[in-house]
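# Topology and contacts: notes
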Amino acid sequence: MVIYAPAPPPFACAICGHEWVPDRWHTRCDGNLPIQPICRRCESDYGGGRNDRNRDRRIIWQLKALASAIDCEAYRRHHGGAYA
Ligand SMILES: [Zn+2]
């Protein structure tokens with residue numbers, strides 16, 4: 001039997017700023033809910049681990065996502081990208 005953590009309270013993603021608010025479909029606890037402070041999309045786009053439901057590995061994917069987001073922002077600032 002797998003015990004999942006309860007659904008997180010509403011939060012704004014640390015990378016994209018999207019506000020995640022649980023609705024009636026997110027009340028059940030499963031491994032696909034976002035873990036604060038990063039939304040599920042940024043976790044998989046920047047970090048990897050798509051469809052990984054293991055919470056410990058997802059936290060590692062989140063650390064990788066934060067490092068990748070900082071790396072992307074540094075690249076944009078250094079090379080004068082569209083978002084600099
Ligand atoms: Zn996000």
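Here is a short report on the structure shown in this document. Within every chain, residues take consecutive numbers counted from 1 along the sequence as written. Given that the model is predicted, a residue must reach a pLDDT of at least 70 before its local features are reported, and side-chain atom pairs must reach 80 or more before they are shown or counted; all residues, however, enter totals for whole chains, interfaces and linings.

## Some thoughts on the packing of helix α1 (residues 40–47) against helix α2 (residues 55–79)
As a reminder of what qualifies: Under this scheme, a helix contributes an axis fitted over its contacting stretch, all axes are lines through C-alpha atoms, and angles between N-to-C directions fall in the 0 to 180 degree range. Runs of H or I in DSSP of at least four residues are treated as helices and runs of E of at least two as strands, each being numbered from the N terminus. An angle below 35 degrees is treated as roughly parallel, one above 145 as roughly antiparallel, one from 65 to 115 as roughly perpendicular, and anything else as oblique. By definition, residue pairs are in contact when their C-beta atoms, positioned from the backbone, come within 7 Å. Note on residue categories: nonpolar means Ala, Val, Leu, Ile, Met, Phe, Trp, Tyr, Cys or Pro, charged means Asp, Glu, Lys or Arg, and polar means any other residue, Gly included.
At a minimum axis distance of 8 Å, the contact between α1 and α2 shows a crossing angle of 70°. With respect to α2, the element α1 is oriented roughly perpendicular. Along the contact surface, α1 presents Cys42, Glu43, Tyr46 and Gly47, while α2 presents Arg58, Trp61, Gln62, Lys64, Ala65, Ser68 and Ala69. Looking at side-chain class alone, the contact of α1 with α2 contains 5 nonpolar, 3 polar and 3 charged residues.

## Re α2
Count 3.6 residues to each turn of an α-helix, and residues three or four apart come out pointing the same way. Quick reminder of the rule: By this rule the span expected of a helix is its residue count minus one, scaled by 1.5 Å. Any residue surrounded by 20 or more other C-beta atoms within 10 Å of its C-beta is treated as buried, while 12 or fewer makes it exposed and the intermediate range makes it partly exposed; C-beta atoms here are placed from the backbone.
For α2, built from 25 residues, the straight-helix expectation of 36 Å at 1.5 Å per residue is met to within 8% by its first-to-last C-alpha distance of 36 Å. Among the residues of α2, Arg58, Trp61, Gln62 and Ala65 are the ones counted as buried. Structurally, α2 contributes buried residues whose contacts are with α1. Phi turns positive one or two residues past the end of α2, at Gly80, with a value near 70°.

Coordinates in, geometry out; function isn't part of it.
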